[in-house]
Amino acid sequence: MWEAIESNRRRSRVLIVLMGVILVTLGALIGATIGAAAGTATPEYEYTYSPRHAPVPRGVSPPQQGVFATLAADPGARVGAGWGALAAGAVWLLLWGLAVGRGESVLLSAANARRIEKADAPQLWNVVEEMTIAAGLPRMPAVYIIDDAALNAFAVGYRPERAAVAVTSGLLKRLDRDELQGVIAHEIGHIRNADARFMTLAAVMVGAIVLLAEVFLRGLRHVGRGRRSSSRGGGQAAAILLLITIVFAILAPLAAQLLYFSCSRRREYLADASAARFTRYPAALASALEKIERQAQPAEMYKALAPLLIVNPLDGGLTGLWSTHPPTRERIRILRSMGDAGFAAYEQAYRQTTGRRACVGARTLAAADAAPLREPPPPPAPAEAAQRARDVGALLDRVGNFVVIGCACGVRLKLPPGDAQTQVTCPRCGRTHAVPAAEALAVPAAALAARRKAPPPMRYRRRGGGWESFKCACGNPLQIGPAFSAPALRCAKCGGRIEVVPPGAA
Amino acid sequence: MTSVGIALLIVLGLVVVVLLWVVGVYNGLVRLRNQVKNAWAQIDVQLKRRHDLIPNLVETVKGYVGHERGTLEAVVAARTRAVSAQGLEQQVKAEGELSQALGRLLMLVESYPDLKANQNFLALQEELSSTENRIGFARQHYNDSVMTYNTRIQTFPPNVIAGMFGFHELPFFEVDSAAERQAPQVKF
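Everything numeric here is computed off the predicted structure, so don't read it as measured data.

(A) Here's a closer look at the overall build of chain B. When helices and strands are counted, chain B shows seven helices and zero strands. Each helix and strand of chain B, placed in order from N terminus to C terminus, yields the pattern α-α-α-α-α-α-α. Expressed as a percentage of the 188 residues in chain B, the buried residues total 41%. Taking as baseline every contact in chain B between residues at least 6 positions apart, the subset at least 24 positions apart corresponds to 75%. As displayed, chain B offers around 10,400 Å² of accessible surface, 61% of which is attributable to carbon and sulfur atoms.

What follows is the structure, encoded as structure tokens:
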């Protein structure tokens, strides 16, 4: 297992360095282009020419010197290249810092994932904990749920201590315990193999390259419109440099993405192999993948997350160099044809299915032995699936702060959070129900978030003993009467606690 | 510089490289051995978890299976033996018996539909089956760690260093009964 991580790390380093070279080259080229353009546009650069180089007469292109020699001699280009490379590095560092510091929460909130505790979904929680033990992770990852009918899951976490696993509610509804275990094992495999960290790093690299190229190409359009007249004859070398830079700026993001995708696909196979080893039951993951593959194509929100998900939702059957995930059918075939649950068996199945070789690192293979498969469980009772769907529905209601009212005719009325009406009518029998006051607090999402952050305790000192109005820190007007004697009250809007101090007290 | 000096420098360099390598391998072995120890501790944690669950289970089931006390008492007795077991061999045996007693109890539950509809029991059932899984996965992880460690100290060249510093092969976790050897799976 450790060897798998080691070889992953080595490969990742090579990849990051390659991307770094692309990034810095791009920065340097852009810098040189800008520098050269500035150099030919302002005459003062003629004074800074080094005497060792023959001064290039303005307006005439040097016949005996190559383009690059001219550029090398152009201090504007040289200084520009240096600054450009530095700026590229700075952009990368900035994005990297962001990803390391807040990457997990950004990704999770982008997917609209909600954190759950054990009481919310005991089975999911147990499965995650079981796989944590099987993988020997030092700590159990946080568990998140996404309210989405699509079947998917992903893992994030720059460090294993901050790792998190997120699954969609559709996945919870449709998969049985063993299949869920397979999917979670795959995600835990990503965490264990340090994929989540690597993918974050690589995504940031790609992001920096795309950003730089985009800014340059856009800026170029802008400048080109404004100062077409400023290009003079002496800029022939600069013009060629400009052309090279444009080509590079178009190609660099593509190259970076290709590198990223190829690495991502490889890691999917490795996570599958890890999942088989953790669960000793590859057939469960295969069957989960089959269910996931049959689902409808989901929404756009997954675009940023695509490489992290268990199955890429955006590939419409079209796979190859441009996909983050290997074809799901191929993964299923490999898992189904495994002789036992060890890495060696996965490697063999991989070779047989794809005709390619070396998926698992050689040192891992040397250390691994046969791992016996688990017996398939008896087929689940049909009632189980329906019950699971109800449980997941109830879980989502709890997590999403829905108000649920049971009508006497058997209908369950669900009110979304923030719904401020005081009574509802049952659509079937027409009975009206009062929305319980405590639950109809009209909790908007923002107030909920504020409540979770636990607002600082507020104090209100009573002026006298009569009716008094004041405002909560959230702006909600509150009123207390002469009969009010409690030591504190709760704001109905933000939920914050306000201490009420009698007039004479210290 | 004389040729003797250069030769000395080269030898010194080689010695430094070898020393660094030895340190690296030694640290790697220590890390693997700690991983094994950790995995072993994890098995104990999960066994303890199972012991803690049983009183709860017995309490829930008691009201429903009144006239088949024998099975219930067998579980309680097996738990007591497992908790107080001394030494590895005895512990493995006691835990195996506990697993079997639990299996019989849960088989018995099949014939009590009321019990199977009890929310409290359903929650316990998930906890219990998860605990069985955890014990199985903890053992599996222990064996995986032992295998990695043993392979490392048997292969050349780390075996030289393992021999020098007294790293010995560690035993696998073997389960005696055929029922226990099967994958952890409590189905209800």
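(B) How the structure looks around helix 9 (residues 282–294) of chain A. In this model helix 9 of chain A runs 19 Å from its N-terminal to its C-terminal C-alpha over 13 residues, within 8% of the 18 Å that 1.5 Å per residue would give. If you check which residues of helix 9 of chain A are buried, you get A:Pro282, A:Ala284, A:Leu285, A:Ala286, A:Ser287, A:Ala288, A:Leu289, A:Lys291 and A:Ile292.

(C) Up close: the environment of A:Leu289. With respect to the helices and strands, the residue A:Leu289 is situated in helix 9. When the C-alpha atoms of A:Leu289 and A:Arg329 are compared, they prove to be 8.3 Å apart, with 40 residues separating the residues in sequence.

(D) View of the packing of helix 6 (residues 177–192) of chain A against helix 5 (residues 119–154) of chain B. Running from N to C, helix 6 of chain A and helix 5 of chain B point in directions that differ by 40 degrees, and their axes come no closer than 15 Å. Classified by the interaxial angle, the pair formed by helix 6 of chain A and helix 5 of chain B is oblique. Every pair of crossing elements has a handedness; the one defined by helix 6 of chain A and helix 5 of chain B is right-handed. Every residue of helix 5 of chain B that contacts helix 6 of chain A at A:Arg177, A:Gln181 and A:Arg192 is listed here: B:Glu126, B:Ser129, B:Ser130, B:Asn133, B:Phe137 and B:His141. Of the residues that constitute the contact of helix 6 of chain A with helix 5 of chain B, the class distribution is one nonpolar, five polar and three charged.

(E) Main features of the pattern of salt bridges. Following the criterion strictly, the structure yields 21 salt bridges over all chains and no others. Residue A:Asp272 is joined to A:Arg331 by a salt bridge in which the shortest nitrogen-to-oxygen separation is 2.8 Å. Here A:Arg331 lies in helix 10 (residues 328–336) and A:Asp272 lies in helix 8 (residues 236–279), a separation of 59 residues in the sequence. Comparing A:Asp272 with A:Arg331 shows no difference in burial state: the two are buried. Here B:Glu132 ties to B:Arg50 by a salt bridge, and the two come within 2.8 Å at their closest N and O atoms. With B:Glu132 in helix 5 and B:Arg50 in helix 1 (residues 3–62), this pair connects stretches of sequence that are 82 residues apart.

(F) Structural view of the confidence of the model for chain B. Residue and element names in this part refer to chain B. Confidence along chain B averages 83 in pLDDT terms, with 91% of residues attaining 70 or more. Predicted confidence in chain B is weakest over helix 7 (residues 178–181), with a mean pLDDT of 45, and strongest over helix 1, with 90. The low-confidence segment residues 177–188 (pLDDT under 50) makes 27 contacts with residues lying over four places distant or belonging to another chain. Quick note on the complex model: pTM equals 0.69, ipTM equals 0.81.

(G) Structural view of the pairing of strand 6 (residues 412–415) of chain A. Residue and element names in this part refer to chain A. Side-chain alternation along strand 6 places Leu413 and Leu415 on a buried face and Arg412 and Lys414 on a face that remains uncovered. In the sheet, strand 5 (residues 403–406) pairs with strand 6 via four bridges, with the strands oriented antiparallel. Pairing of Val404 across the sheet is with Lys414, part of strand 6.

(H) Spotlight on the packing of aromatic side chains. Residues and elements named next belong to chain A. All told, the structure shown has five aromatic pairs over all chains when counted by the stated rule. Relative to Phe470, the ring of Tyr460 has its centre 3.8 Å away and its plane inclined at 10 degrees; by these criteria the two rings are stacked. Of this pair, Tyr460 sits in strand 9 (residues 458–461) while Phe470 sits in strand 10 (residues 468–471), placing them ten residues apart in sequence. As far as the burial class goes, Tyr460 and Phe470 line up, both buried.

(I) View of the nonpolar core. Of all hydrophobic cores here, the largest spans 71 residues; its most connected members are A:Leu124, A:Leu171 and A:Ile184. Of all hydrophobic cores here, the second largest spans 30 residues; its members include A:Ile30, A:Tyr158, A:Phe198 and A:Ala202.

(J) Broad picture of the sheet that holds strand 3 (residues 153–156) of chain A. Residues and elements named next belong to chain A. Strand order in the open sheet formed by four strands is 1-2-4-3, with mixed pairing between adjacent strands. What marks the edges here is a single partner per strand, and that holds for strand 1 (113–115) and strand 3. Recorded for the sheet is a direction-independent mean angle of 25 degrees between the axes of neighbouring strands.

(K) Representation of unusual backbone geometry. Here the residue pair B:Phe156 and B:Pro157 is connected by a cis peptide bond, since its omega of 0 degrees sits within 30 degrees of zero. Looking at the element boundaries, B:Pro157 is found in the loop between helix 5 and helix 6 (158–164). Positioned with a positive phi, A:Ala194 is a non-glycine residue whose angle comes to about 60 degrees. Take A:Ala194: it is sitting in the loop between helix 6 and helix 7 (195–226). By relative accessible area, A:Ala194 is classed as buried at 15%. Here A:Arg280, not a glycine, exhibits a phi torsion of approximately 60 degrees, which is positive. Its place among the elements puts A:Arg280 in the loop between helix 8 and helix 9. For A:Arg280, a relative accessible area of 12% translates into the label buried.

What counts and what doesn't
Residues numbered from 1 in each chain as written. Chains lettered and ligands numbered in written order. Predicted model: local features only at pLDDT ≥ 70, side-chain atom pairs only at ≥ 80, totals over all residues. Heavy atoms only, no water. Helix = DSSP H or I, 4+ residues; strand = E, 2+ residues; numbered from the N terminus. Buried < 20%, exposed > 50% of the residue type's maximum accessible area, 1.4 Å probe, protein only. Contact = heavy atoms within 4.5 Å. Areas by Shrake-Rupley, 256 points an atom, 1.4 Å probe, with all protein chains shown as cover. Expected span 1.5 Å × (residues − 1). Axes fitted to C-alpha atoms, helices over the stretch in contact; angles between N-to-C directions. Parallel < 35°, antiparallel > 145°, perpendicular 65-115°, else oblique. Left-handed = near helix turned anticlockwise from the far one by under 90°. Nonpolar A, V, L, I, M, F, W, Y, C, P; charged D, E, K, R; others polar. Salt bridge = Lys/Arg side-chain N within 4 Å of Asp/Glu carboxyl O. pLDDT = per-residue confidence, 0-100. Pairing = 2+ DSSP bridges. Phe/Tyr/Trp six-rings, centres within 6.5 Å; stacked < 30°, edge-to-face > 60°. Core = buried A, V, L, I, M, F, W, Y, C linked by side-chain atoms within 4.5 Å.

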